[in-house]
Each structure stands twice: as structure tokens, then as C-alpha cells.
Amino acid sequence: MPRSVNAVASRARRKKVMKQAKGYFGRRKNVWTVAKNAVEKAMLYAYRDRKNKKRTFRSLWITRINAGARQHGMSYSQFMGKVKASGIELNRKVLADLAMNHPEAFKAIVEQVK
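Computed from a prediction, not measured in an experiment: that's the story for all the values here.

What counts and what doesn't
Residues numbered from 1 in each chain as written. Predicted model: local features only at pLDDT ≥ 70, side-chain atom pairs only at ≥ 80, totals over all residues. Heavy atoms only, no water. Helix = DSSP H or I, 4+ residues; strand = E, 2+ residues; numbered from the N terminus. Buried < 20%, exposed > 50% of the residue type's maximum accessible area, 1.4 Å probe, protein only. Axes fitted to C-alpha atoms, helices over the stretch in contact; angles between N-to-C directions. Left-handed = near helix turned anticlockwise from the far one by under 90°. Contact = heavy atoms within 4.5 Å. Nonpolar A, V, L, I, M, F, W, Y, C, P; charged D, E, K, R; others polar. Phe/Tyr/Trp six-rings, centres within 6.5 Å; stacked < 30°, edge-to-face > 60°. Lys NZ or Arg CZ within 6 Å of the ring centre and 35° of its normal. Salt bridge = Lys/Arg side-chain N within 4 Å of Asp/Glu carboxyl O.

**Q** Explain the environment of Gly 81 to me, and be specific about the residues and the numbers.
**A** If you trace the backbone, Gly 81 turns up in helix H3 (residues 76–85). Gly 81 sits in the partly exposed class, given a relative accessible area of 39%.

**Q** Tell me about the packing of helix H1 (residues 7–20) against helix H2 (residues 32–71), and name the residues and values.
**A** Relative to each other, H1 and H2 sit at 65 degrees, their axes nearing to 9 Å. Regarding H1 and H2, the two cross each other, and that crossing is left-handed. For the pair formed by H1 and H2, the contact residues are Arg 14, Val 17, Met 18 and Gln 20 on the first element and Trp 32, Ala 35, Lys 36, Val 39 and Met 43 on the second. Per-class residue counts for the contact of H1 with H2 are six nonpolar, one polar and two charged.

**Q** Describe the packing of aromatic side chains, with residues and values.
**A** Summed over all chains, the structure comprises two aromatic pairs. Taken together, a centroid distance of 6.1 Å and an interplanar angle of 40 degrees make the contact between Phe 57 and Trp 61 tilted. You can see Phe 57 and its partner Trp 61 sitting in helix H2, four residues apart, about one turn around the helix. Between Phe 79 and Phe 106, the ring centres sit 5.2 Å apart and the planes meet at 45 degrees, which makes this aromatic pair tilted. One end of the pair, Phe 79, is in helix H3; the other, Phe 106, is in helix H5 (residues 103–113), and 27 residues separate them in sequence. One exposure class covers both Phe 79 and Phe 106, and it is buried. The lysine or arginine in question, Lys 51, covers the ring of Tyr 47, its NZ or CZ lying 4.6 Å from the ring centre.

**Q** Quick one: what's the story with the pattern of salt bridges, residue by residue and with numbers?
**A** One pass over the structure, following the stated rule, counts one salt bridge. The closest approach of N and O atoms between Arg 48 and Asp 49, which form a salt bridge, is 2.9 Å. Residue Asp 49 is classed as partly exposed on the basis of its relative accessible area, which comes to 32%.

Now the structure itself:
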């Protein structure tokens, strides 16, 4: 009995990986074994950095809130402590946006928590 290898599925699988490797430099874009490794590594980086993106945005928001709070004579930790104590339920993303784009609204929040 002849050996069956399902070339259609194998080719489709390779084609999918080669399509993902489009735009890579050198042999990474057109040699199967190199492209497969490059795409695999890229997928690992993408997975890891989807998590890291949340971290970096949170730190950006904290930096912006800190800058806004210090303009009104308060540190970040003092400000956030008083925001929680006064029952204001705005998250860091919203507070950072207010501090950056709507300083008068942020000032009103600072005055409210003082």
C-alpha cells in the first residue's frame, strides 16, 4: 500500500507560516526552516508583549497622574489615597486623561479630595 502524506495539508501549513514571515529580512522570509523559527519566536514575543503593554500603560498613567497631582501640591500616593477614601470611583486611565487633556476637571477633583 502506498504511503499517504497529505501534501495538501502540509503545503497549506507551510504557506500559512510563509505568509506570516512576509516582510522579514534575508532568509527568514523565504526559507522554510528559518521562517518557521522566526515566526515561532515572533509569536512568543507577541504573546509576552500583549501582557507587557498593560504594564507599560499603567506606568504611563501613574506618571501622568503624578505630574498633575504635583502641580497642585500633592504626591501621587497622597492623591490616590485621598481619591479612594473620598469614594471617587475613577480609574487611573480616566484620571490620567483628565490630568493631561482636561486640567480644570482634574483640578476640581484635587480640590474635592483635599
